[in-house]
Amino acid sequence: MLESVHVHANGLRFRVLEEGEGDRLALCLHGFPELGRSWRHQLPLLAELGYRGWAPDLRGYGGTERPRRVCDYALETLMDDVTGLIAAAGAERATLIAHDWGGLIAWHVAMRRPELLERLVVCNMPHPQRLAEAMIRGPQLVRSFYALLFQLPWLPERMLSADDGRRVENAFTSMAVDPGRFTERDLRLYREAALEPGALTAMLAYYRAYVRGGGALRQMRRGYPAIDVPTLLVWGEQDTALGRETTLGTSELVRELTVRYVPQASHWVQQEAPEVVNAMLRAWLTGQPVPQAWEVDVSDESRALDRMSDRG
């Protein structure tokens, strides 16, 4: 059963959604402007497969504490959060499953601290080297204009909080291929969490620390060592924030890579197409051939989701 617990890691109190038990940890990292709740469809599957699934609200988000300084959201600190969460779970290693900003953190953990990871799954976040290359040429610079806007003081917070935070809701519904996959409750919880005092400033600090705080430049100067951790990259092809072309050439940077595209899903792939993503996860985590999206029996996976929801 899905439970909310609080754990201390890297000097902060994190709220964590937990399902399953045992020594095998699957740590799920969400993106902007989400919560640990974005993994609500995957946590029951992970528990069924024998994992202890943890989906924390990342620092600054939801029920997790919010440091006030931009430097408190430096990429190196975010990696320390992952290290601390794995230790707090009593695990030596983890399977890391991540999306969007969580994916950026996860890629760096896999490069800098591979001894912590058994496996890596990234949804709709390109490898940092491919992202950096895309940002200096081609259409990705235009797609990522919002990240430059987020560098401004106070104005992004005012824009996102206007009209009772409707722009936060719109981030999901306007980008989704099927907005109906987000319930009113889902959208309300995301919006209300973003409107908590100091939350939007904390959430935007990720972008500010990475760009004007020099996080991206520091990592670029360190170089991008090849990743040895077995990796699954899942990509919703209708992503309007990150282009499919940013995935090309990833196999040159990851020695054991599986890539699967989901044609009828947006940036919010694990929430919008949970049946397809879960089928891919189930196969990959159990050592089976990972199906292509069109090979997934969606009706069968939908029934499996219903059974897991009923049990929870």
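Our subject is the structure listed above.
Residues numbered from 1 in each chain as written. Predicted model: local features only at pLDDT ≥ 70, side-chain atom pairs only at ≥ 80, totals over all residues. Heavy atoms only, no water.

Next up on the list: the side chain of glutamate 275. Residue placement: glutamate 275 occurs in helix H12 (residues 274-285). Exposure remark for glutamate 275: the relative accessible area of 8% places this residue in the buried category. Within the structure, the side chain of glutamate 275 is placed 2.9 Å from the side chain of arginine 181, a separation counted as a polar contact. (Helix = DSSP H or I, 4+ residues; strand = E, 2+ residues; numbered from the N terminus. Buried < 20%, exposed > 50% of the residue type's maximum accessible area, 1.4 Å probe, protein only. Polar contact = N/O pair within 3.5 Å; in protein donor to acceptor, adjacent residues only side chain to side chain.)

Viewed as axis vectors pointing N to C, helix H2 (residues 75-88) and helix H3 (residues 101-112) meet at an angle of 80 degrees, and their least axial separation amounts to 10 Å. Classified by the interaxial angle, the pair formed by H2 and H3 is roughly perpendicular. Between H2, through Leu75, Leu78, Met79 and Val82, and H3, the contact on the second element is made entirely by Trp101, Ile105, His108, Val109 and Arg112. Residue composition of the contact of H2 with H3, grouped by class: seven nonpolar, one polar and one charged. (Axes fitted to C-alpha atoms, helices over the stretch in contact; angles between N-to-C directions. Parallel < 35°, antiparallel > 145°, perpendicular 65-115°, else oblique. Contact = heavy atoms within 4.5 Å. Nonpolar A, V, L, I, M, F, W, Y, C, P; charged D, E, K, R; others polar.)

Glancing now at a nonpolar patch on the surface. A surface patch of nonpolar side chains, amounting to about 360 Å² of accessible area, comprises Leu141, Phe145, Leu148 and Val211. Relative to the helices and strands, leucine 141 resides in helix H5 (residues 140-143). On the basis of relative accessibility, which here comes to 38%, the residue leucine 141 falls in the partly exposed class. (Patch = residues over 30% accessible without salt bridge, like charges linked within 9 Å, V, L, I, M, F, W, Y side chains within 5 Å. Areas by Shrake-Rupley, 256 points an atom, 1.4 Å probe, with all protein chains shown as cover. Salt bridge = Lys/Arg side-chain N within 4 Å of Asp/Glu carboxyl O.)

Let us now look at the sheet that holds strand E6 (residues 117-123). One open sheet holds the eight strands; their spatial order is E1-E2-E4-E3-E5-E6-E7-E8, and the pairing between them is mixed. This sheet does not close on itself; its edge strands, each paired only once, are strand E1 (3-9) and strand E8 (257-262). On average, each strand axis in the sheet is inclined to that of its neighbour by 25 degrees, with strand direction left out of account. Two strands pair when backbone bridges link them, and strand E2 (residues 12-19) and strand E4 (residues 52-56) are joined in this way by four bridges, in the antiparallel orientation. The residue bridging glutamate 19 from the neighbouring strand is glycine 53, located in E4. Strand contacts of H12: strand E5 (94-99), E6, strand E7 (231-236) and E8, with the helix running at about 170 degrees to E7, the strand carrying the most contacts. (Pairing = 2+ DSSP bridges.)

This part covers the nonpolar core. Ranked by internal contacts, the top residues of the largest apolar core, which has 73 residues, are Phe32, Leu96, Trp101 and Ile105. The dominant element in this core, judged by the number of residues it contributes, is helix H9 (residues 199-210), at 10 residues. In terms of nonpolar packing, the next biggest core, distinct from the first, is built from 31 residues, Leu17, Ala55, Val121 and Ala265 among them. (Core = buried A, V, L, I, M, F, W, Y, C linked by side-chain atoms within 4.5 Å.)

A large share of E6 lies buried, amounting to five of its seven residues. Two elements, E5 and E6, share six bridges in a ladder whose sense is parallel. The residue bridging alanine 94 from the neighbouring strand is leucine 117, located in E6. Following the chain from E5 across H3 to the adjacent parallel E6, one finds a crossover that is right-handed. (Right-handed = clockwise from strand over helix to strand, strands pointing away.)

Taken across its eight residues, E2 has six buried, putting it largely inside the fold. Pairing geometry for E1 and E2, over seven bridges, is antiparallel. Bridge pairing links serine 4 to leucine 17 in E2. Hairpin connection, E1 to E2: the antiparallel pair is bridged by two residues, and asparagine 10 has positive phi, about 50 degrees.

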